[in-house]
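# Overview (structure and organization)
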Amino acid sequence: MEAKYLQYLLQFKRPSGTSRGVLLDKETFILTISEEGRKGVGECAIFRGLSFDDRPDYEEKLQWLCKNINQDSVFLKEELKEFPSIWFGYEQAIQNLKYGDSLYFPSEFTEEKSAITINGLIWMGDAAYMEEQIQEKLDKGFHCIKLKIGVDWKSEHVILQKLREKFSKDQLELRVDANGGFSKEEALLVLQQLADLHIHSIEQPIKAGNWDDMVELCSKTPTPIALDEELIGIIDPVKKKQLLEKIQPQYIILKPALVGGFSGSDEWISLAENQNIGWWITSALESNIGLNAIAQYTFTKKNPMPQGLGTGALFVNNFESDLELRNELLWFKK
């Protein structure tokens, strides 16, 4: 086998706001593995400022992988354990090499017989911009919407109140993602305000790494809490188990590019299910290459909840897509 990679910069159609700042572009790396005339493509979807492997020697490790591509996969996984997004790209490329075309996990989804229900994502901005996005999602038939919050909670709270006045919890499921934007004291108040509005869940109300504070929040919360950034950088299965046992969240959110690819996600899912913790899968601003692979993987997990998958529509210079959104359903379409 031979391997090579290409750096690629995805440009946002419109600056996208989160509590960590405004995103203008997204760097990524495309990995290609070739063997006997066949080719497998994967995306090493690093997320600068968030990925555990956002470090100066990232490209050096990619070069190392290309040189050592014929080594045993168990050896490679051990060597790449601190580079989850590179391992994620490797897993994709190997799966694609095996199945060809744009296939990674063949199923009824890739046969165009079944689809994945996704949530509509609302990016931060002023109230008018957020309301405009919400109306667009509602017009398209979404029944589950996720809003980024944690920058201007007073305005965000008003938007949620207006939504709930129009739509009951049975008509519209509302999720929020704080990206660690609140202090513990603020979070205690916000969790109650969210409960009053029958919000489905809140992702990462406080910054990751504050296990004791998160234990307190999860044990008291009237609104289910989902861990997201909290999972990033935890490699050891024993520590993963300890985290879930200690914090006992209501849900965990799995971003394959950030938690060690598909095998890393499988590990988290198994541990969560053993402790009756819910989970769902989300994308993390991958290009259409990584998004296609995540969607195919997600379908095989048979989780009936709306999943947090993107549609690739955020970027002006994305790759051609095999995914098509019809209302709130994501379909594979060649």
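Residues numbered from 1 in each chain as written. Predicted model: local features only at pLDDT ≥ 70, side-chain atom pairs only at ≥ 80, totals over all residues. Heavy atoms only, no water.

### Side note on the domain arrangement of the protein chain
Parsing the protein chain into structural domains produces domain 1 (2–99) and domain 2 (108–332). Here the C-alpha centre of domain 2 lies 23 Å away from the C-alpha centre of domain 1. Between domain 1 and domain 2, the residue contacts involve 32 residues of the former and 37 residues of the latter. Both faces combined, the contact of domain 1 with domain 2 buries some 2,900 Å², and carbon together with sulfur accounts for 66% of it. (Domains from an automatic or database assignment. Contact = heavy atoms within 4.5 Å. Buried area = accessible area lost by both parts, 1.4 Å probe.)

### Observations concerning the sheet that holds strand S4 (residues 116–117)
An order of S4-S13-S12 is seen for the three strands of this open sheet, with the pairing classed as antiparallel. Looking at strand neighbours, the two that pair on one side only are S4 and strand S12 (323–326), the edges of this open sheet. As paired strands, S4 and strand S13 (residues 329–332) are joined by two bridges and run antiparallel to one another. Residue pairing across strands places Ile-116 opposite Leu-330, the latter belonging to S13. (Pairing = 2+ DSSP bridges. Helix = DSSP H or I, 4+ residues; strand = E, 2+ residues; numbered from the N terminus.)

### A look at the side chain of Ser-287
Along the chain, Ser-287 falls in the loop between strand S11 (278–281) and helix H10 (288–300). By relative accessible area, Ser-287 is classed as buried at 0%. Not counting chain neighbours up to four residues away, the residues in contact with Ser-287 comprise Leu-10, Ile-30, Glu-43, Asn-318 and Phe-319. (Buried < 20%, exposed > 50% of the residue type's maximum accessible area, 1.4 Å probe, protein only.)

### A word on the UniProt feature "domain: Mandelate racemase/muconate lactonizing enzyme C-terminal" (unreviewed entry) in the protein chain
Under the UniProt annotation, "domain: Mandelate racemase/muconate lactonizing enzyme C-terminal" (unreviewed entry) lies at residues 127–224. Each end of residues 127–224 is marked by a C-alpha atom, and these two atoms are 25 Å apart; helix forms 51% of the span and strand 13%. (UniProt positions renumbered as here; feature names shortened; annotations may be inferred.)

### Topic: the packing of helix H7 (residues 211–220) against helix H8 (residues 237–247)
In helix packing, the relevant descriptors are the interaxial angle and the interaxial distance, both defined with respect to the helix axes. Two numbers describe how H7 lies on H8: the axes approach to 8 Å, and their chain directions differ by 45°. Here H8 runs oblique to H7, going by the angle between their axes. Facing H7, whose interface residues are Trp-211, Asp-212, Met-214, Val-215 and Cys-218, H8 presents Lys-239, Gln-242, Leu-243, Lys-246 and Ile-247. Of the residues in the contact of H7 with H8, the class split is six nonpolar, one polar and three charged. (Axes fitted to C-alpha atoms, helices over the stretch in contact; angles between N-to-C directions. Parallel < 35°, antiparallel > 145°, perpendicular 65-115°, else oblique. Nonpolar A, V, L, I, M, F, W, Y, C, P; charged D, E, K, R; others polar.)

### Here we look at the environment of Phe-29
Among the structural elements, Phe-29 can be located in strand S2 (residues 21–35). On the accessibility criterion, Phe-29 (0% relative accessible area) is buried. Expressed as a C-alpha distance, the spacing of Phe-29 and Glu-59, which sit 30 residues apart in the sequence, is 9.1 Å. Filtering out sequence-adjacent residues up to four positions away, Phe-29 remains in contact with Tyr-5, Leu-6, Gln-7, Gly-42, Glu-43, Cys-44, Ile-46, Arg-48, Tyr-58, Glu-59 and Leu-62.

### Considering the sheet that holds strand S9 (residues 225–227)
Reading across from one edge, S5-S6-S7-S8-S9-S10-S11 is the order of the seven strands in this open sheet, with parallel pairing throughout. The open sheet terminates on both sides in strands that have one partner only, identified here as strand S5 (120–122) and S11. Across the sheet, the mean angle from the axis of one strand to that of its neighbour is 25°, orientation sign disregarded. Bridging between S5 and strand S6 (residues 144–148) involves three bridges; their strand directions are parallel. Each residue of the ladder has a partner; that of Gly-120, found in S6, is Ile-145.

### Focus: the nonpolar core
Ranked by size, the top nonpolar core spans 68 residues in total, and within it Ile-145, Leu-147, Leu-160, Ile-202, Ile-252, Leu-254 and Trp-268 carry the most contacts. Of all the elements, H10 adds the most residues to this core, at seven residues. Among the domains, domain 1 (2–99) and domain 2 (108–332) are the pair contributing at least three residues each to this core. Once you skip the residues sitting within four places of it in the chain, Ile-252 turns out to touch Leu-227, Leu-231, Leu-244, Trp-268, Ala-272, Ile-277, Gly-278, Trp-279 and Trp-280. (Core = buried A, V, L, I, M, F, W, Y, C linked by side-chain atoms within 4.5 Å.)

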